[in-house]
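So the chains spell out like this:
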Amino acid sequence: MGQDRFANLAPLAAVALFLAAIMISFWYLRNEEIRREQESIKRDVEFSQQRIRLRMLERQEQIMQLSRALATKEVREQHFLQKTQQLIELYPELQSMTWIDGNRRIVASQSAFSLMPSTNYTPGTTLSISEIDNNFSLVKEFRQPIYSMVRTRPNLQNNTPTLQLLAPIIDKGNRFQGVILTEYALDGLLRYSVPADILTQYAVSLLDEGRRVLAGQSIPQREDLAEHLPFLQRRANSQSVPVSPVGNGLILQMQAWRTSQSLIGSALFWLVGALSAMTAWMLIANWRHTRRRLQAQKALMAETNFRRAMENSMLTGMRALDLHGRITYVNPAFCQMTGWTEAELVNAVAPFPYWPEEDIDQLTRRLEEEISGKHTAGGFQVRVKRKDGSRFDARMYVSPLIDPSGRQTGWMTSMTDITEPNRIRDQLAGSYERFTIVLEALDASVSVAPLGSKELLFANKLYRQWFGSDSTGHLRLVAQAGAYENLVTAGDDSDDMAGLPSDALTSAQSGNAEIHVPELDKWLEVRSRYINWADGRLAQMVIATDITPRRRAEELAAQQADRAQTASRLITMGEMASSVAHELNQPLAAISNYCSGMISRIKKQQIEEKDLLGALEKTAHQAQRAGQIIHRIRSFVKRSEPNRSISDVGHIVSEALELAEIELRRRNVRLSHYIAARLPALNVDPILIEQVLINLMKNSAEAIDNAQRPPDRRHVELRVVPRQIEEQPVIEFSVTDTGKGLPPEVVDKVYEAFFSTKVEGMGIGLNLCRSIVESHQGRIEAQNLYNAGEITGCRFSFWLPVSGTH
């Protein structure tokens, strides 16, 4: 067997090795030639780039000398025109030079004689920002010469690409006096900077950052056979480098003229290829002839072995009858199933030995129908007697027996033992009955319906009580729960999902949803999942549980939490009442003083109208200040429904600071805050977040007051910064004080209800803070601050997630 396989593969291996050797040789020679060309063009392009760079730096230095002369007033307008005329005549790449003052007004301009007069900048006019981009502002800011991106001026002839250099004019006092705008002709820069021998040897061009040709010439891409064959494609023999000091906006590219003949254009290539093809054809032809001869020999042996193996290994019993009902053939499986030998069965006529005596009449009628061609495609079930007298159940399938000429010579019958399947089916029927009893007793509605049909496959007792005996309630539960909804026409019992893979659906976890059914006045928890029904169809099972008592308990708990939050805000404002009164007393005292002064001066007729208006304006300002304080307090303490909205973090913090500063000023505690810039908005209830911040800042002030810290250590800091916690973006709020901190043994208990470290504390403030933060999917924590083992303060922080706010 191994020798035959080697003999079959040897010619193919020889052809493959031969062709591989030829291809590797050509590949090596071709790559060696390309490598030498690449090294040569790389040296030339770097040399040319240095030449262009040095020439541009020389022109830049000359222009900077001229700008310094203009700044020191050594050069006037007429002298400027003479100098620029000399530079333009001496260096052809210079196209124009323009003196622009600090207000973008053109003082003087000199252009090359080759330019049309309409293209010159007109002295006395002012350039718009769009004409010199933003580079004018950059030069003014950085005091450095700047090259602009390659551009074209609409009024230039043929829209010739140019490069602009803006050199600043700075006087001795480091004051910006304007710029010298110099325009380079890219064609001239390329012609007079790159050596002539390189220009004749390569296609040299200047490109912009979009790889568009601005000056010079470029070799277009050629289409030939090699471009479509990956193993013959020639790498582009070109090099490109950015032109400094311009940067990536101007690129120098060199492409070598194609001086060597391509690989497929070589006569040697075609000669070797033809000889290789002929050699391969002869080897393959010889291999195919040998292979066909061996295949013919093996086919005859395989056919014989296949028929013998099929008869011996088949588990289904096969029996052949002639047209008169005589047995002409039985396979070994048929003999094994019945216990009768082939000699005892062949040529037997009815009644056959394997027929039970009590079923002979029925089986005789069945045989007559079989011979007359009256048989069903689904087969029929019979009882068969073994030689030892035992019985088993079997299913028989009958089909015509046709000879090679197309003439029917008898009937072929296949027999399968179905005793075990029948036993399993009976057990399943019993299990189904027990399972149905359990489902009927459940306190949840259970229903099953196939996808793509309005048929109801199963419904338990509670479902029928709630929704009746059709699939309307099932489909309604599925639609309200947001699961898959069947969109079929009435009376369509076909399964549109038949044949589709269902493993991913049936193995997926069930989906849960809570819905309200007005007709039942109930809240139902709906769980659905996909299952394979007994007949193979993909179906959806829906379980609906009555959760009305739980929902009502949750609503009652939410109402109690809302009342507790409102009470906490009222308690907070009650504790701050003296501070608020002191804060209101200041604007009210100012109003009283202003009014008394105005009355006194009016009585003495010593006040003018403008003084009276000024005093009234100050009085109105103090009244507005008192009104704002009262408005903030009223907005904070008034009870309202929870209202989450996209809220600005800075506005929330500023509102909380306005109220907290009143209490902190009364306790002589300094408050500093830092809010990071460009914070994203949060989807929160702003009043509740303000309540948390005010509670934390008030607690910090009380901690500092109780610790009796000296004035230089009475400080509270609020910081609001973005963070990454648990791989999600969050906004962190932290309040740091300089009090005595928390005892280590109570750090984990401060959030418990009715637990307080203060003598007169009620123990509900921090508990409500944690409830508010966690209801917004955030977390709150506390930690002591240490310095050399001593507690120097405490830091409360909480974070809220950013996700889902936009």
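Here the structure is shown first, and the text comes after it.
The rules behind each value
Residues numbered from 1 in each chain as written. Predicted model: local features only at pLDDT ≥ 70, side-chain atom pairs only at ≥ 80, totals over all residues. Heavy atoms only, no water. Helix = DSSP H or I, 4+ residues; strand = E, 2+ residues; numbered from the N terminus. Buried < 20%, exposed > 50% of the residue type's maximum accessible area, 1.4 Å probe, protein only. Contact = heavy atoms within 4.5 Å. Areas by Shrake-Rupley, 256 points an atom, 1.4 Å probe, with all protein chains shown as cover. Pairing = 2+ DSSP bridges. Axes fitted to C-alpha atoms, helices over the stretch in contact; angles between N-to-C directions. Salt bridge = Lys/Arg side-chain N within 4 Å of Asp/Glu carboxyl O. Expected span 1.5 Å × (residues − 1). Arc of directions from axis to C-beta. Phe/Tyr/Trp six-rings, centres within 6.5 Å; stacked < 30°, edge-to-face > 60°.

Even after reading the chapter, I still don't get the overall build of the protein chain, so can you show me in this structure?
Within the protein chain, the regular secondary structure consists of 19 helices and 26 strands. Expressed as a percentage of its 806 residues, the buried residues of the protein chain come to 40%. Intrachain contacts of the protein chain at a sequence separation of at least 6 include 59% that bridge at least 24 residues. Accessible surface for the protein chain amounts to roughly 46,300 Å². Of this, 54% is attributable to carbon and sulfur atoms.

Explain the sheet that holds strand β4 (residues 162-170) here, please?
Sheet strands associate in pairs through backbone hydrogen bonding, adopting either a parallel or an antiparallel arrangement. Read from one edge of the open sheet, five strands run β2-β1-β5-β4-β3, paired in antiparallel fashion. Each edge of the sheet is formed by a strand with only one pairing partner; in this case those strands are β2 (106-111) and β3 (146-147). Pairing geometry for β3 and β4, over two bridges, is antiparallel. Among the inter-strand pairings, Ile 146 is bridged to a residue of β4, identified as Leu 166. Across the face of the sheet, helix α4 (residues 186-193) comes into contact with β4 and β5 (176-185) while running at roughly 70° to β5.

Sorry, what's going on with the pattern of salt bridges here?
Two side chains carrying opposite charge are able to pair once their charged atoms lie near each other. For the coordinates displayed, the defined rule picks out 30 salt bridges. In this structure, the salt-bridge partner of Arg 476 is Glu 519, at a minimum N-O distance of 2.7 Å. Linking Arg 476 in helix α12 (residues 472-481) with Glu 519 in the loop between β17 (511-517) and β18 (522-532), this pair joins segments that are 43 residues apart in sequence. Through salt bridges with shared partners, a single ionic network connects Glu 357, Glu 358, Asp 359, Arg 383, Lys 385 and Arg 391.

What is the right way to look at helix α9 (residues 360-371) in this model?
Since one α-helical turn is 3.6 residues long, residues separated by three or four positions face the same way. For α9, with twelve residues, the first-to-last C-alpha span of 16 Å sits near the 16 Å given by 1.5 Å per residue. Those residues of α9 that sit buried are Leu 363, Leu 367 and Glu 370. One face of α9 carries all of its buried residues, which in axial projection span an arc of 60°. Residues Asp 361, Arg 365 and Glu 368 are exposed on α9 and point more than 90 degrees away from its buried face. The first or second residue beyond α9 is Gly 373, which carries a positive phi of 90°.

It is not clear to me how the sheet that holds strand β21 (residues 670-675) should be interpreted in this structure. Could you clarify?
Read from one edge to the other, the open sheet built from five strands follows the order β21-β23-β24-β26-β25, with strand pairing classed as mixed. Every interior strand has two partners, whereas the edge strands, β21 and β25 (779-787), have only one. Taken over all neighbouring pairs, the strand axes of this sheet differ in orientation by 20° on average, direction set aside. Helix α18 (residues 686-707) rests against β21, β23 (715-725), β24 (728-737) and β26 (790-801) of the sheet, and its axis sits at about 30° to β24.

Would you explain helix α3 (residues 135-142) in this entry?
Residues Asn 135, Phe 136 and Val 139 constitute the buried set of α3. The buried side chains of α3 occupy one side of the element, clustering within an arc of 105° when seen end-on. For α3, the exposed residues set more than 90 degrees away from the buried face come down to Glu 141 and Phe 142. In this fold, the buried residues of α3 make contact with β1 (94-101), β3, β4 and β5.

How should I be thinking about the environment of Leu 81 in this particular structure?
Note on placement: Leu 81 falls in helix α2 (residues 77-90). It is 9.6 Å that separates the C-alpha atoms of Leu 81 and Ser 111, two residues lying 30 residues apart in sequence. Those residues in contact with Leu 81 that sit more than four places away from it in its chain are Ala 108, Ser 109 and Gln 110.

What is the right way to read the packing of aromatic side chains from this model?
What describes a pair of aromatic rings is the distance from one ring centre to the other and the angle between the planes of the rings. This structure, assessed with the given rule, holds eight aromatic pairs. Relative to Trp 99, the ring of Phe 80 has its centre 5.6 Å away and its plane inclined at 55°; by these criteria the two rings are tilted. Linking Phe 80 in helix α2 with Trp 99 in strand β1, this pair joins segments that are 19 residues apart in sequence. When its relative accessible area of 0% is taken as the criterion, Phe 80 is described as buried. The class of Trp 99 is buried, set by a relative accessible area of 15%.

Structural measurements only, silent on function.
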